[in-house]
Amino acid sequence: MAKVLIPLDDTVVVCLGEEKRVVQITCKSERPNDIGTITTYYLVRHEISELILRLAMAHMRSPISSPLRIEADLYSIQASGLSLDSADLEADNEFTVKEDSDFGERRGGIEAPGSSFTLPGRAAWRYLDRCPLEVGNSLTEWHRRLPATKPMVSSNQRATTNKRLTAWEDIRFPTSLSGDGTDAMNTDCDYSSAYVKLYTDSDLTGYGMTFTIGRGNDIVCKAIEELAKRLIGKDVEEIFANMGNTWDYLSSDSQLRWIGPEKGVIHIALGAVDNALWDMYARSRNKPLWKLVVDMTPEEIVNATAFRYITDAITREEALAMLKEKAATRAEREAKVRELGYPAYVTSAGWLGYSDEKVARLTREAVEAGFNHFKMKVGADRDSDLRRGKIIRSIIDDPQYLPPGLKPRDPNGPDLVGKNAGPTGSVLMIDANQVWDVPQAIEYVKSLAEIKPWFIEEPTAPDDILGHAAIRKALKPYDIGVATGEHAHNRMVFKQLLQAEAIDVCQIDSCRLAGVSEVLSVLLMAAKFGVPVCPHAGGVGLCEYVIHLSLIDYIAVSGTMERNVLEFVDHLHEHFLYPCSINKNGRYNVPSNAKEGYSIEMHESSIAEYEFPNGSYWKSVRGANTAA
Ligand SMILES: C[C@H](O)[C@@H](O)CC(=O)C(=O)O
C-alpha cells in the first residue's frame, strides 16, 4: 500500500510502498506576476494534484532516479526520489520545505515571501495514516483526506485576505446495531453526518453538516466539495452582508442546479454549506446563531431569506410587516424562553426496533424527565402498533409516573386543546415515515384512533401535497391531524402544503432545507398561514441545530411557542462541543455560549473515531470482519 502526504499547497512528500521510498514533489508557478488571485490558483490545484498522483503511481512502478520536471501552463512540477530510511520517518525529525522566495506574493499575497514551514515527522505520519492510498483509490477520496488547513499555513502567514479553504468529513455512527432511529421505512440506519469546515485565513472557522443515514453520505460530501469551492476567494464580510444573496449565489450554479434543482443530494449539501456560513457569521459576532438572527433588524432578516418562487404565498413586504410587528416585543419573549426553556417532545422512547420492555422503560424515564409529548413510530404492523401505543398511553396517562411534585396538566388548557391529551395532559404522536399510499394511510390511522394521537406524521410520500390534504380531510372527524416536512425538499413544497391546507404541523428540517436562509422563508410562510412549526430532529446533530431555529421562530417570527414542541432524541450529543440540553421540565435550554455559533462543531476525537471508512471505529470493524 502506498501512502500520500500533502502537507501544503506547493510541495508534496509522497511515501511509497512498504520499502518507504519517498518522493518530494514541488509545484511552482511559472507565470511571473500574473497568476492574479488565489482563486485561479485553487482552481488549477485539482489538476496539479492529479498530475502528482500520476507521478506517484509512475514512481511506484518504476522509481524516478533523477529529478523529473513537468511543465504546464501555469505551473511546473518537479519530482525527485529522496533516500530517507525508515528510522528517519519514524523518529520525531522534521520535514522542512522552503517555498521559493516570491511565489507566495505572486499567488495573491497569501503567504509572505520566503516563508517556510516545518512538519514534525510524527505529525506527518499521523497524516499518512489518515491518507491511505492504494493504487486505484479515487482521487476524490485521496483529496478529501488532506489534513485541515492549519498544517498548511506557513509560519509567517499574514491574515489579510479572506482565502477560504474547506475540508469535509464523512462521519458515521453505527446506530443500526442498537435499533436507535429505526422506523417503518428506515430499518437499519447508521446516523451519519456529512460534515464541513470552512476556513478563512484568520482564526474564523465555520462548521456545518447534513444528516444522512449511512451509505450515500460520501456522495453528499462530494456535492459539498463542489458547492464549497464556489466560496474560495470570497470576502466573508461581503458574504455576511446579505445572506439571501449568498444563498442565491450558491444555489444557482447552473451546472450543479441541473442535478436538483433545489432537491436531493445537491440541496442537502447546500444545507451543510449554508449552515456552515451561518455558523461562521454567528461566531464572527460572538453570538449563538439564534441570537445573531433575533438581533437583526426586520430588513436584515428579510435580506437573509430565500424568497425566489414563494412570492405568490408571501411577499418581502408582507414578511417585513410581520417581522416589524413582532420586533418591539422580542426582548420579552427572549427573557421568557431563557427562563422557561423551549417546549420539547421525545421520540427516542418509541423507535420501531425497540422491544416493548424497552419502549415502556424509556417512556417511564421520559415522563420522569419532565416530558409530556411523546412520539412513537408506526406502520410496520398494525396490531403491534396498537399494542405499543397502549403501553405508552398506560404510562403517560398515569399520574403515578409523574415526577415528584408535578401535577397533571389540564388536557383542555390552551396549550393542549385539540391535541387529544390524556388525563395527565400528556400527548401522543405517531409517525409512519411515508410507508403508506393515501387510502391505506387513512384506514390504518383510523384503526389507531383508540390510542388518541394528536397527529400522524409523514403518512405518505413527501412530495404528495394533495395526498396529504386528502388524508387530513379524512382524519378530521377523528380529531387526528397531519404533520410532515422532514423530507420536504424545499420551500416550494412547504408553500404548497400550506396553500393546500394539507398540514396541521410544519416539520422543517434544518439541513434538508438548504440552510438557515431557506428555513427563514418557511418560518415566515408558516407564521402567515398560522401553522405551528415543530422542527424535525431525529438524527445526529439535528437537535443541536433546531433549538436555534425554534428560538428564531418564537422570538422574531411567529411570536408563539405555547402549542409548539421541538423534537428531542437522546442520541450522540456527546460528540458535539456544545451539545443541546434539556431542563428538568422537559424543555430545551437556550444555547448561550458566545462561541458556539450554530452548535454543530464536533470533537476532533469523535471525527477520528467515526470518520468513514478510516476512523478507528470503522477500521476495527473492518479488522474484525477480515479476521472472521
Ligand atoms: C431515520 C430517522 O431516525 C427517522 O426515523 C427520524 C424521524 O423520522 C423523526 O425523528 O421523526
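Residues numbered from 1 in each chain as written. Predicted model: local features only at pLDDT ≥ 70, side-chain atom pairs only at ≥ 80, totals over all residues. Heavy atoms only, no water.

Following both chains from N to C, one finds helix α15 (residues 356-368) and helix α16 (residues 382-396) inclined at 30°, their axes separated by 9 Å at the closest point. Comparing the axis directions of α15 and α16 gives the class roughly parallel. Crossing angle aside, the handedness with which α15 passes α16 is right-handed. Between α15 and α16, the contacting residues are Asp 356, Val 359, Ala 360, Thr 363, Arg 364 and Val 367 on the first element and Arg 387, Arg 388, Ile 391, Ile 392, Ile 395 and Ile 396 on the second. Its residues assigned to classes, the contact of α15 with α16 comprises 7 nonpolar, 1 polar and 4 charged. (Axes fitted to C-alpha atoms, helices over the stretch in contact; angles between N-to-C directions. Helix = DSSP H or I, 4+ residues; strand = E, 2+ residues; numbered from the N terminus. Parallel < 35°, antiparallel > 145°, perpendicular 65-115°, else oblique. Left-handed = near helix turned anticlockwise from the far one by under 90°. Contact = heavy atoms within 4.5 Å. Nonpolar A, V, L, I, M, F, W, Y, C, P; charged D, E, K, R; others polar.)

Lining the immediate environment of the ligand, one finds 15 residues, of which Gly 181, Asp 183, Tyr 191, Lys 375 and Glu 567 sit closest. The separation between an oxygen atom of the ligand and a polar main-chain atom of Gly 181 is 2.7 Å. A distance of 3.4 Å is found between an oxygen atom of the ligand and a backbone nitrogen or oxygen belonging to Gly 538. Look at the ligand: alone it shows 320 Å² of surface, and the protein chains cover 98% of it. Tallied by class, residues from the shell around the ligand come to 3 nonpolar, 5 polar and 7 charged. Domain assignment of the residues forming the shell around the ligand places at least three in each of domain 2 (161-305 + 612-623) and domain 3 (316-602). (Near = heavy atom within 4 Å. Polar contact = N/O pair within 3.5 Å; in protein donor to acceptor, adjacent residues only side chain to side chain. Areas by Shrake-Rupley, 256 points an atom, 1.4 Å probe, with all protein chains shown as cover. Domains from an automatic or database assignment.)

Here we come to unusual backbone geometry. A cis amide bond links Gly 260 to the next residue, Pro 261, at an omega of -15°. As for its placement among the helices and strands, Pro 261 is situated in the loop between α9 (254-258) and α10 (264-284). Notably, Tyr 309 is not glycine yet its phi reads approximately 75°, a positive angle. One non-glycine residue with positive phi stands out, namely Asp 479, at about 60°. Along the chain, Asp 479 turns up in the loop between α18 (465-475) and β16 (481-484).

The next subject is the domain arrangement of the protein chain. For the protein chain, the assigned domains read domain 1 (2-145), domain 2 (161-305 + 612-623) and domain 3 (316-602). Look at where the C-alpha atoms of domain 2 and domain 3 centre, and you get two points 23 Å apart. Facing 54 residues of domain 2, the contacting portion of domain 3 comprises 66 residues. In total, about 4700 Å² of surface goes out of reach between domain 2 and domain 3, with carbon and sulfur atoms giving 65% of it. In this assembly, domain 2 and domain 3 are joined by 4 salt bridges. Linking domain 2 with domain 3 are 29 residue pairs in polar contact (both at pLDDT 80 or more), by the criterion used here. Elements supplying a minimum of two residues to the side of domain 2 that touches domain 3: β10 (192-199), β11 (205-212), α8 (243-251), α10, α11 (289-294) and α12 (298-304). No other element matches α10, which puts 10 residues into the side of domain 2 that touches domain 3. Per-class residue counts for the side of domain 2 that touches domain 3 are 25 nonpolar, 18 polar and 11 charged. (Buried area = accessible area lost by both parts, 1.4 Å probe. Salt bridge = Lys/Arg side-chain N within 4 Å of Asp/Glu carboxyl O.)

Another aspect to go through is the pattern of salt bridges. The full count for this structure, using the stated rule, is 34 salt bridges. In this structure, Glu 325 engages Lys 326 in a salt bridge whose closest nitrogen and oxygen atoms are separated by 3.3 Å. In this structure, Glu 365 engages Arg 361 in a salt bridge whose closest nitrogen and oxygen atoms are separated by 3.5 Å. Linking Glu 365 with Arg 361, this pair stays in helix α15, spanning 4 residues, or about one helical turn. The class of Glu 365 is partly exposed, set by a relative accessible area of 41%. Taken together, the shared-partner salt bridges connect Lys 287, Lys 291, Asp 295, Glu 334 and Arg 338 into one network. (Buried < 20%, exposed > 50% of the residue type's maximum accessible area, 1.4 Å probe, protein only.)

By the criterion of burial, strand β14 (residues 427-431) is predominantly enclosed, with 5 of the 5 residues buried. On β14, burial covers both faces: Val 427, Met 429 and Asp 431 on one face and Leu 428 and Ile 430 on the other are all buried. In this structure, strand β13 (residues 373-377) lies alongside β14, joined through 5 bridges in parallel fashion. Directly across from His 373, in β14, lies its bridge partner Val 427. In this fold, the crossover linking β13 to β14 by way of α16 has right-handed handedness. As paired strands, β14 and strand β15 (residues 453-457) are joined by 3 bridges and run parallel to one another. Bridging from a neighbouring strand, Leu 428 pairs with Pro 453 of β15. For the crossover from β14 across helix α17 (residues 438-446) to β15, the handedness is right-handed. (Pairing = 2+ DSSP bridges. Right-handed = clockwise from strand over helix to strand, strands pointing away.)

Among the structural elements, Gly 179 can be located in the loop between β9 (165-172) and β10. Expressed as a C-alpha distance, the spacing of Gly 179 and Leu 352, which sit 173 residues apart in the sequence, is 7.7 Å. Excluding anything up to four places from it in sequence, Gly 179 contacts Trp 351 and Tyr 354.

Right, let's get into the packing of aromatic side chains. Scanning the entire structure with this criterion turns up 13 aromatic pairs. When the ring of Phe 173 is compared with that of Tyr 610, the centres are 4.8 Å apart and the planes differ by 45°; the resulting orientation is tilted. Here Phe 173, found in the loop between β9 and β10, pairs with Tyr 610, found in helix α22 (residues 604-610); they are 437 residues apart in sequence, far enough to count as distant. Assessed through its relative accessible area of 12%, Tyr 610 is described here as buried. Measuring from ring centre to ring centre gives 5.5 Å for Tyr 610 and Tyr 617, while their planes differ by 35°; the resulting arrangement is tilted. Aromatic rings pair up to connect Phe 173, Tyr 610, Phe 612, Tyr 617 and Trp 618 into one cluster. In this arrangement the basic side chain of Arg 172 is found over the ring face of Phe 612, its NZ or CZ atom lying 3.8 Å from the centre. We note Lys 419 situated over the ring of Trp 454; from NZ or CZ to the ring centre the distance is 4.3 Å. (Phe/Tyr/Trp six-rings, centres within 6.5 Å; stacked < 30°, edge-to-face > 60°. Lys NZ or Arg CZ within 6 Å of the ring centre and 35° of its normal.)

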